[in-house]
Amino acid sequence: MSSLKGRTVIITGASSGIGEETARLLASRSANIVIGARRVERLEALASKIQQDGGSVTVQRLDVTALEEMQEIIKLAQSRYGQVDAIVNNAGVMPLSPLEALKIEEWNRMIDVNIRGVLHGIAAGLPVMKEQGFGQFVNVASIGAYEVSPTATVYSATKYAVRAITDGLRQETAGQNIRATLISPGVTESELADSITHKETIDFMKEYRRIALPAAAIARSIAYAIEQPTDVDVNEVVIRPLV
Ligand code: NDP
């Protein structure tokens, strides 16, 4: 029997890409899934498919930049399923551009979603996990959390931050039965690059994305980290396409 059976997992950014595939996979392994994102119609379509296949899923509109919306989705998971076993802080945006293009609104959006969104997940989830005496944060970073490349300076900065936050969280929750996992994908098929507005970067990414991994490959690593026995804390997983 899968050790995901009956575990309750909240997934942010589940309306496409990695979050969507993670929801499908965890539901197929009998976890209770609570999915959030801003495009509710996409979540509803995903939920009907999961339910048709016999899975257990709850949908909630979620903007991770609003702390109270993270608190709401956690409350919903608790009231529906009684506990929160894991929160997958997956929502992210990546409007890449060179610094000199001065796309300041895009920098701020990356900081708001990629850093504040993860912090909101922790702020809303940590008190609940401490109270129930167990839990797990799975934070989705990137290979950009380990290396910077041109046009990805601000994006990488946000992912370095997610890596630092996850490591600090692991250290600060030692002895509390709370696990902290960092998942760092390389290029993966998704809608992530659609938010790029800088023309030359769009052209470059078209070429780069030819080697992309399927989002299901990242979903498998997230499932792996969650389904371990609860005394096993998978700290970091880095996944790149084989080239
Ligand atoms: P997608 O663009 O396909 O998915 C991103 C998800 O984030 C969407 O569901 C989107 O939903 C959600 N999202 C964006 N802004 C918000 C917000 N304010 N509140 C709630 N949800 C939000 O891309 P991926 O699946 O690739 O991205 C998932 C994660 O993986 C991101 O953190 C990304 O940085 C990371 N990653 C991706 C890589 C890749 O090559 N694809 C490589 C490395 C890391 P909605 O718009 O409906 O709110």
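Residues numbered from 1 in each chain as written. Predicted model: local features only at pLDDT ≥ 70, side-chain atom pairs only at ≥ 80, totals over all residues. Heavy atoms only, no water.

Description of the side chain of N114
Here is step 1: Here N114 lies in helix α4 (residues 104–132).
Here is step 2: Polar side-chain contacts of N114 include one of 2.9 Å to the backbone nitrogen of V93.
Here is step 3: Engagement of the side chain of N114 in a polar contact is seen with the side chain of T158, the distance being 3.2 Å.
Here is step 4: If we skip the residues at most four places from it in the chain, N114 touches A91, G92, V93, R109, Y155, T158, K159 and V162. (Helix = DSSP H or I, 4+ residues; strand = E, 2+ residues; numbered from the N terminus. Polar contact = N/O pair within 3.5 Å; in protein donor to acceptor, adjacent residues only side chain to side chain. Contact = heavy atoms within 4.5 Å.)

Considerations on the sheet that holds strand β6 (residues 178–185)
Here is step 1: As summarised here, the arrangement of the seven strands in space is β3-β2-β1-β4-β5-β6-β7, forming an open sheet in which the pairing is parallel. If you trace the sheet from one side to the other, it starts and ends with β3 (56–61) and β7 (236–239), each paired once. Along the sheet, successive strands turn relative to each other by an average axial angle of 15°, direction set aside.
Here is step 2: Bridge analysis of strand β1 (residues 8–12) against strand β2 (residues 32–37) gives five bridges, and the strand direction is parallel. Following the sheet pairing, T12 is matched in β2 by G36.
Here is step 3: Packed on one face of the sheet, helix α2 (residues 40–52) meets β2 and β3 and runs near 175° to β3. (Pairing = 2+ DSSP bridges. Axes fitted to C-alpha atoms, helices over the stretch in contact; angles between N-to-C directions.)

Observations regarding the site of the ligand
Here is step 1: In the vicinity of the ligand there are 30 residues, among which S15, S16, R38, Y155 and S190 approach most closely.
Here is step 2: One of the backbone N or O atoms of G13 is found 3.0 Å from an oxygen atom in the ligand.
Here is step 3: Compared with its free state, where it exposes 880 Å², the ligand has 95% of that area covered by protein.
Here is step 4: Those elements giving two or more residues to the shell around the ligand turn out to be α1 (17–28) and α5 (153–172).
Here is step 5: Residues belonging to the shell around the ligand are distributed by class as follows: 14 nonpolar, ten polar and six charged. (Near = heavy atom within 4 Å. Areas by Shrake-Rupley, 256 points an atom, 1.4 Å probe, with all protein chains shown as cover. Nonpolar A, V, L, I, M, F, W, Y, C, P; charged D, E, K, R; others polar.)

Observations concerning the packing of α1 against α2
Here is step 1: With their axes 10 Å apart at the nearest point, α1 and α2 run at an angle of 20° to one another. Regarding the angle of α1 to α2, the classification is roughly parallel. Viewed along their axes, α1 and α2 form a crossing whose handedness is right-handed. Between α1 and α2, the residues in contact are E20, A23, R24 and A27 and L46, K49 and I50, respectively.
Here is step 2: Across the contact of α1 with α2, the residue classes tally to four nonpolar, no polar and three charged. (Parallel < 35°, antiparallel > 145°, perpendicular 65-115°, else oblique. Left-handed = near helix turned anticlockwise from the far one by under 90°.)

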